[in-house]
Amino acid sequence: MKRLALVAVIAIAAFSTSACITVIDADNDDTAWHGNNAQPFDTARSECRDRVDSSNSAAFKDCMAEKGWTRS
């Protein structure tokens, strides 16, 4: 019985940790962007996603900067 409880605790811990990593590593972390006199964020993000290849994060950051948004 102790062995089963230990396996259950390890499984729950592994599941909980993997969920946290997924949230932390999420690509669309909008809280890191800061803008001063910038275009509305959702509009800027949509336009940049449409204009820039999604695999080029530097080009996306440059596009967002043109619209008044910087990433910290």
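Computed from a predicted model, the values in this text were never measured in an experiment.

> Could you clarify how one ought to interpret the overall build of the protein chain in this entry?
In terms of helices and strands, the protein chain carries three helices and two strands. Overall, the protein chain shows an N-to-C arrangement of helices and strands of α-β-α-α-β. Going through the 72 residues of the protein chain one by one, you find that 17% of them count as buried. If you take every contact in the protein chain between residues at least 6 apart in sequence, the share linking residues at least 24 apart comes to 52%. Total accessible area on the protein chain stands at roughly 5,800 Å², and carbon and sulfur atoms take up 58% of it.

> Looking at this structure, I do not really get the state of the cysteines. What am I missing?
In a disulfide, the sulfur atoms of two cysteines are covalently bonded to one another. Inspection of every chain in the model, using the stated rule, returns one disulfide. At a sulfur-sulfur separation of 2.1 Å, the disulfide partner of Cys48 is Cys63. In this structure, the disulfide formed by Cys48 and Cys63 twists by about -90 degrees around the S-S bond and is classed as left-handed. Remark: Cys63 occurs in helix 3 (residues 57-66) and Cys48 occurs in helix 2 (residues 41-51); sequence separation between them is 15 residues. By relative accessible area, which is 0% here, Cys48 ends up buried.

> Please explain the environment of Cys63 as it appears in this structure.
Judged by its relative accessible area of 1%, Cys63 falls in the buried class. Sequence separation of Cys63 and Val52 is 11 residues, and the distance between their C-alpha atoms is 7.7 Å. In this view, Cys63 contacts Cys48, Arg51 and Val52; residues no more than four positions away in its chain are not counted.

> Would you explain the confidence of the model for the protein chain in this entry?
Regions with low pLDDT carry predicted coordinates that are not meant to be interpreted in detail. The predicted model of the protein chain averages 75 in pLDDT, with 64% of residues at 70 or higher. By mean pLDDT, helix 1 (residues 2-24) is the weakest element of the protein chain at 57, and helix 2 is the strongest at 92. Below a pLDDT of 50 lies the segment residues 17-26, which in the model reaches zero contacts outside its immediate sequence neighbourhood of four places, other chains included.

> Whenever I open this one, the environment of Lys61 confuses me. Can you help?
Mapped onto the elements, Lys61 comes out in helix 3. Under the relative-accessibility criterion, Lys61 is labelled partly exposed at 43%. In sequence terms Lys61 and Cys48 are 13 residues apart; their C-alpha atoms lie 8.7 Å from each other. Those residues within four positions of Lys61 in sequence are excluded, and the remaining contacts are Trp33 and Arg71.

Each value, and the rule that gives it
- Residues numbered from 1 in each chain as written.
- Predicted model: local features only at pLDDT ≥ 70, side-chain atom pairs only at ≥ 80, totals over all residues.
- Heavy atoms only, no water.
- Helix = DSSP H or I, 4+ residues; strand = E, 2+ residues; numbered from the N terminus.
- Buried < 20%, exposed > 50% of the residue type's maximum accessible area, 1.4 Å probe, protein only.
- Contact = heavy atoms within 4.5 Å.
- Areas by Shrake-Rupley, 256 points an atom, 1.4 Å probe, with all protein chains shown as cover.
- Disulfide = S-S within 2.5 Å.
- pLDDT = per-residue confidence, 0-100.

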